[in-house]
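# Breakdown of the fold
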Amino acid sequence: MSSQTLSRRRFAGTVGAAVGAALLPPRFLGSAAEASLARGEPRDLIQLNSNENPYGPSARALEASARLGTAAARYPDALEEEARDAIARHHGVGPERVVLGNGSSEVLRMAAAAFATPGKTVVAAEPTFEAVLGYARVTQAEAVKVPLTHDFRHDLARMAAACDGRTGLVYVCNPNNPTGTIVGSEELAAFLSKVPPSATVLVDEAYHHFVESSRYKGALELPGRFENRVVARTFSKIYGMAGLRLGYAVASELSAAAMARHASWNNVNAAALAAARASLADPELVPRQRRLFNDTRHWLGAELARDGRRTIPSETNFLMIDVGGDVAPVIREFRNRKILVGRKFPSMPNWLRVSIGTREEMRAFLAGLRAIVPARAAA
């Protein structure tokens with residue numbers, strides 16, 4: 001058992017217990033699908049609202065989980081070490097630089113708990129994935145939101161200018177959720193060099209597998225010794241393991257240790273750990289899944305362009321579509337048609353986020369969109 005595992009303590013309740021309905025947006029209170037099932041409504045919903053993978057884990061991952069047998073009755077310390085080692089080898093780093101989490105959302109919480117302490121500021125784009133800012137409210141850090149550029153990308157110049165000696169955490173979601181846009185590798189490297197070394201830069205790469213642009217590189221591939229760089233990744237998206245819950249961070253040894261102190265004891269489960277190792281060992285999995293999603297996204301984009309609709313070019317497994325007016329009634333009408341789509345983002349009230357599902361699901365979505373918001377109305 002590693003010293004990292006031994007040194008972890010149960011999180012002292014401040015963040016974990018206080019994050020509740022009053023602090024986080026609706027996405028964190030349970031999906032619409034979960035709510036509908038609780039009310040006894042039909043289970044035949046098309047779920048295009050949470051950027052999930054409708055194909056699920058690979059056959060190898062499912063087989064690995066099924067082979068656990070009586071090991072499922074034991075605490076997963078050994079499996080945790082094996083998975084951490086496999087992830088470390090995957091990235092060419094030492095295992096002491098890897099922190100595991102119950103999904104990457106827990107990894108983001110650990111980063112907020114470690115670096116967004118009272119009196120510090122957290123700099124992030126607006127809009128972006130809200131978890132870090134939600135957690136920062138609990139840790140009593142001050143949120144500094146920087147609007148996106150006119151083309152819906154991170155405004156790195158303004159974000160760097162917003163950093164000072166009080167900045168504890170800088171959050172860069174790359175590709176960004178909900179816009180699907182990216183920060184290029186050269187831009188990111190220049191940005192990292194401008195952020196004060198006392199601030200931790202958390203780069204969330206949940207969707208990096210889907211990127212096709214040659215301008216993009218994962219933050220771990222960038223040159224330079226940025227000791228304040230933390231990279232978060234997940235098995236929820238391309239690996240199809242959102243329900244199994246496993247994410248991780250790669251950071252400097254010092255930052256990894258700081259985050260691990262805020263992890264729950266045995267915070268990852270045996271089935272997820274076994275599935276993750278099998279997924280990393282499958283050389284065909286990522287290319288196959290990337291092709292499925294990106295081909296469907298390109299098909300949908302072409303259909304929307306044929307309708308004359310405005311979209312944001314995406315490098316992810318979701319797409320933003322301008323519906324020409326308030327998106328809230330559009331979301332409700334889709335719900336009436338048993339199709340769940342993304343929530344309303346206050347700073348982008350006319351834009352609908354739709355996750356990429358199977359080709360059949362996207363045909364149903366497109367038919368619904370054409371009925372609910374005819375192309376002329378959207379234009």
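Residues numbered from 1 in each chain as written. Predicted model: local features only at pLDDT ≥ 70, side-chain atom pairs only at ≥ 80, totals over all residues. Heavy atoms only, no water.

## Some remarks on the environment of Phe334
Stated formally: Put simply, DSSP marks the helices as runs of H or I at least four residues long and the strands as runs of E at least two long, and each gets a number from the N terminus on. Only heavy atoms enter the contact rule, under which two residues are in contact if any of them lie within 4.5 Å.
You can see Phe334 is positioned in helix H13 (residues 328-336). For Phe334 and Ile372, which are 38 residues apart along the polypeptide, the C-alpha to C-alpha distance reads 7.9 Å. Apart from the residues within four sequence positions on either side, Phe334 is in contact with Ile339, Val341, Leu352, Phe365, Gly368, Leu369 and Ile372.

## Some words on the sheet that holds strand E12 (residues 351-355)
By way of backbone hydrogen bonds, the strands of a sheet pair with one another, either parallel or antiparallel. Spelled out, the test is: Should DSSP find at least two bridges between two strands, the strands are regarded as paired. Axis angles are defined between N-to-C directions and span 0 to 180 degrees, where every axis is a line fitted to C-alpha atoms and, for a helix, only to the segment in contact.
The strand order across the open sheet formed by 3 strands is E9-E10-E12, and the pairing between neighbours is antiparallel. Because the sheet does not close on itself, it has two edges, and the strands there are strand E9 (311-312) and E12. When E9 meets strand E10 (residues 318-322), the two strands line up antiparallel, connected through 2 bridges. Residue pairing for E10: Thr311 is matched across the bridge by Ile321. Seen against the sheet, helix H14 (residues 359-372) touches E10 and E12 and runs at an angle of roughly 160 degrees to E12.

## Section: the packing of helix H6 (residues 104-115) against helix H7 (residues 131-138)
Stated formally: An angle counts as roughly parallel when it lies under 35 degrees, as roughly antiparallel when it exceeds 145, as roughly perpendicular when it falls between 65 and 115, and as oblique in every other case. Should the near helix be turned anticlockwise from the far one by less than a right angle, the crossing is termed left-handed; should it be turned clockwise, right-handed.
At their nearest, the axes of H6 and H7 sit 9 Å apart, and the two run at 40 degrees to each other. Relative to H7, the element H6 lies oblique. Helix-helix and strand crossings are classified by hand; for H6 and H7 the assignment is right-handed. Along the contact surface, H6 presents Ser105, Leu108, Arg109 and Ala112, while H7 presents Ala131, Val132, Tyr135 and Ala136.

## Structural notes on the pattern of salt bridges
Worth spelling out the cut-off: Definition used for salt bridges: Asp or Glu carboxyl oxygen within 4 Å of a side-chain nitrogen of Lys or Arg. Relative accessible area decides the class of each residue, using a 1.4 Å probe on protein chains only: under 20% of the type maximum gives buried, over 50% gives exposed, and in between gives partly exposed.
For the structure on display, the rule yields 18 salt bridges. For Arg153, the salt bridge goes to Glu187, with nearest N and O atoms at 2.7 Å. Of this pair, Arg153 sits in the loop between strand E4 (142-147) and helix H8 (156-161) while Glu187 sits in helix H9 (residues 185-194), placing them 34 residues apart in sequence. The class of Arg153 is buried, set by a relative accessible area of 19%. One network of salt bridges, with partners in common, ties together Glu303, Arg306, Asp307, Arg309 and Arg370.

## Things to note about the packing of helix H5 (residues 77-91) against helix H11 (residues 270-280)
For the pair H5 and H11, interaxial distance at closest approach is 9 Å and the crossing angle is 30 degrees. By the angle class used here, H5 and H11 are roughly parallel. The interaxial crossing formed by H5 with H11 has left-handed handedness. Across the interface between the two elements, Leu79, Glu80, Glu82, Ala83, Ala86, Ile87 and His90 of H5 pack against Ala270, Leu273, Arg277 and Leu280 of H11.

## With respect to the pairing of strand E2 (residues 98-101)
The alternating pattern of E2 places Val98 and Leu100 on one face and Val99 and Gly101 on the opposite face, and all of these are buried. In this sheet, strand E8 (residues 247-250) lies alongside E2 in antiparallel orientation, the contact comprising 4 bridges. Opposite Leu100, over in E8, you have Tyr248 as the bridge partner.

## Regarding the sheet that holds E4
With respect to topology, 7 strands assemble into an open sheet ordered E2-E8-E7-E6-E5-E3-E4, the strand pairing being mixed. Two strands lie at the open edges of the sheet, namely E2 and E4, each paired on one side alone. Strand after strand, the sheet turns through a mean of 20 degrees between neighbouring axes, direction not considered. With 4 bridges joining them, strand E6 (residues 200-204) and strand E7 (residues 229-234) adopt parallel strand pairing.

## Some remarks on H11
Filter applied, for reference: Polar contacts here mean pairs of N or O atoms no more than 3.5 Å apart (in protein, one a potential hydrogen donor and the other a potential acceptor; neighbouring residues in sequence count only if both atoms are side-chain atoms).
Of all 11 residues making up H11, 8 are buried, and the element is well covered by its neighbours. Those residues of H11 not exposed but buried are Ala270, Ala272, Leu273, Ala274, Ala275, Ala276, Ala278 and Ser279. At its buried positions, H11 is contacted by helix H4 (59-66), H5, E2 and helix H12 (285-306). The backbone nitrogen of Ala271 lies 3.0 Å from a side-chain oxygen of the residue at the head of H11, namely Asn269.

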